[in-house]
Amino acid sequence: MPEEEKTETVPMQTMPALALRGLTVYPKMMVHFDVGREASVKAIEESMSSNQPIFLVAQKDIRVEEPDRNHLFAMGTVSVVRQILRLPGKTIRVMVEGQTRARLHELTQTDPYLVAQVEPVETSEHYEGKTNSLRAEAAIRQAYELFDRYSELSPKNASAEMLMNIMSSEDAGYIADFLAQNVSMRVLDKQSILDELRPVQRLNKMNRLLRREVEILEMEQSIQRRVQENMTQNQKDAFLREQVRVIQEELGEDGDNELAAYRRAETVERQARNRAAQMYHRVNGLIADLAARMEGSKAEMTTAAEALGQALDQLQSALDGGQDVLTEGAATLRALEPEHPAEEETK
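Here the structure is a predicted model, which is why all the values come from computation and not from measurement. (Residues numbered from 1 in each chain as written. Predicted model: local features only at pLDDT ≥ 70, side-chain atom pairs only at ≥ 80, totals over all residues. Heavy atoms only, no water.)

1. Some remarks on the overall build of the chain
Here is step 1: Counting secondary structure elements, the chain contains eleven helices and six strands.
Here is step 2: Here the chain holds 347 residues, and the buried ones make up 37% of them.
Here is step 3: Of the contacts formed within the chain by residues at least 6 apart in sequence, a portion of 66% connects residues at least 24 apart.
Here is step 4: Just so you have it, the chain exposes about 21,100 Å², and 50% of that area is on carbon and sulfur atoms. (Helix = DSSP H or I, 4+ residues; strand = E, 2+ residues; numbered from the N terminus. Buried < 20%, exposed > 50% of the residue type's maximum accessible area, 1.4 Å probe, protein only. Contact = heavy atoms within 4.5 Å. Areas by Shrake-Rupley, 256 points an atom, 1.4 Å probe, with all protein chains shown as cover.)

See below:
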């Protein structure tokens, strides 16, 4: 037998067993989860009352309610129940701490709870000791980089504390187990990490799985980014249209009415300026006409010229948009025009 597969002979152990659905527990890891099946609750209670460990092993098919040996993986974890919290109903929340890997040989009891005969593994120095080789160091550094990238892409599933926990360890096997416990992966992938007894090979396998998870997350972000870019312009247009609609509702008018009102105001202003210009020319004509008629009376001419000059000034102001001044100038002209013909008839 190759040296890397040698293990110390360990006597079989019999203990309560709990079949896990969608969960894998690793050595030296503290995990909490909810338990609802009656057989599982009884197994945990027996472990606590008898002060003995419990064997945690994952189910191959989570749909099976009453699993037997064929429904369970071969490798599991001998664990210790640290805490139990009873929830409403028949569910309990349990906190366990993984101790060591163990191989399932058989189930000696299935009712009222599972009892397993297991063989603990990883008891030799070869499996438990730290690995200081260059290959181990390279694998550890790669794990740091990959998990750092994973934490950037999935901050909800990773934290700075988890990264510090990894970086503070030089044990390739522990780092692999820690990553497998905390990274979202398929059950079969997690089980493959539990099955691997060689620390460096385990971390290399974990790095491959972690790299795949990083690539999947990057692809998801790329897809989301492309979809977002395709939708951005339409969303902007829809948003702006909605803003215009709301503003128009607040103003009590629609876009067509607003444009029409602007054009009407422009037309009125242009017409007012045209009328003011016409009246300006008319005043000039009146001044010349009255000057000719009143050549014999210098005093009258002076008085009329002053009055007409005032009217001219007022009309000039109307050219700048003063509609009130325009009206006053027109009224002044109307008051002046009938006076002089009456005087001429008297003469």
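Structure shown, so let's carry the discussion forward.
2. Focus on the pattern of salt bridges
Here is step 1: Inspection of the entire model under this criterion finds 17 salt bridges.
Here is step 2: Between Arg-202 and Asp-177 there is a salt bridge; the shortest N-O distance is 3.2 Å. In this pair, Arg-202 sits in helix 7 (residues 199-251) while Asp-177 sits in helix 5 (residues 172-182), placing the two residues 25 residues apart along the sequence.
Here is step 3: Salt-bridge contacts for Lys-205 lead to Glu-196; the nearest nitrogen and oxygen are separated by 4.0 Å.
Here is step 4: A cluster of three or more residues bridged by salt bridges with shared partners is formed by Arg-186, Asp-189, Arg-212 and Glu-213. (Salt bridge = Lys/Arg side-chain N within 4 Å of Asp/Glu carboxyl O.)

3. Things to note about helix 4 (residues 160-167)
Here is step 1: Regarding helix 4, the residues found buried are Met-162, Leu-163 and Ile-166. Around the axis of helix 4, the buried residues are gathered within 100° of arc, so they sit on the same side. The exposed set on the far side of helix 4, more than 90 degrees from its buried face, consists of Ala-160, Glu-161 and Met-164.
Here is step 2: Close packing links the buried residues of helix 4 with helix 3 (134-153) and helix 5. (Arc of directions from axis to C-beta.)

4. Let's talk about the nonpolar core
Here is step 1: Membership of the largest hydrophobic core comes to 51 residues, with the highest contact counts inside it found for Phe-147, Leu-179, Leu-203 and Met-206.
Here is step 2: Among the elements that make up this core, the one with the highest residue count is helix 3 (eight residues).
Here is step 3: Once residues within four sequence positions are removed from consideration, Leu-203 is found in contact with Ala-139, Ile-140, Ala-143, Ala-172, Ile-175, Ala-176 and Leu-179.
Here is step 4: Listed in part, the 15 residues of the second largest apolar core include Ala-19, Phe-73, Leu-107 and Leu-114. (Core = buried A, V, L, I, M, F, W, Y, C linked by side-chain atoms within 4.5 Å.)

5. A look at the side chain of Thr-77
Here is step 1: Note on placement: Thr-77 falls in strand 4 (residues 75-86).
Here is step 2: Take Thr-77: its relative accessible area is 0%, and that puts it in the buried class.
Here is step 3: Of note is the side chain of Thr-77, whose polar atom sits 2.5 Å from the backbone oxygen of Val-25.
Here is step 4: In this view, Thr-77 contacts Val-25, Tyr-26, Pro-27, Ile-54, Phe-55, Leu-56, Gly-98, Gln-99, Thr-100 and Leu-194; residues no more than four positions away in its chain are not counted. (Polar contact = N/O pair within 3.5 Å; in protein donor to acceptor, adjacent residues only side chain to side chain.)

6. Observations regarding the confidence of the model for the chain
Here is step 1: A residue-level look at the chain finds 60% of positions with pLDDT of 70 or above and a mean pLDDT of 77.
Here is step 2: The least confident element of the chain, judged by mean pLDDT, is helix 11 (residues 339-346) at 42; the most confident is strand 3 (residues 54-58) at 97.
Here is step 3: Confidence drops under a pLDDT of 50 for residues 123-130, and excluding neighbours within four residues, the segment shows 16 contacts in the predicted structure.
Here is step 4: The low-confidence segment residues 325-347 (pLDDT under 50) makes 32 contacts with residues lying over four places distant or belonging to another chain. (pLDDT = per-residue confidence, 0-100.)

7. Let's talk about helix 3
Here is step 1: The end-to-end C-alpha separation of helix 3 is 29 Å, in line with the 28 Å expected for 20 residues at 1.5 Å each.
Here is step 2: Taken together, the buried positions of helix 3 are occupied by Ala-136, Ala-139, Ile-140, Ala-143, Tyr-144, Leu-146, Phe-147, Tyr-150, Ser-151 and Leu-153. (Expected span 1.5 Å × (residues − 1).)

8. Section: unusual backbone geometry
Here is step 1: Geometrically, the link from Asp-111 to Pro-112 is a cis peptide bond, its omega value of 5° lying close to zero.
Here is step 2: Tracing the backbone through its elements, the reader meets Pro-112 in the loop between strand 5 (92-109) and strand 6 (114-120).
Here is step 3: Notably, Lys-28 is not glycine yet its phi reads approximately 65°, a positive angle.
Here is step 4: We note that Asn-51 has phi near 55°; this positive angle belongs to a residue other than glycine.

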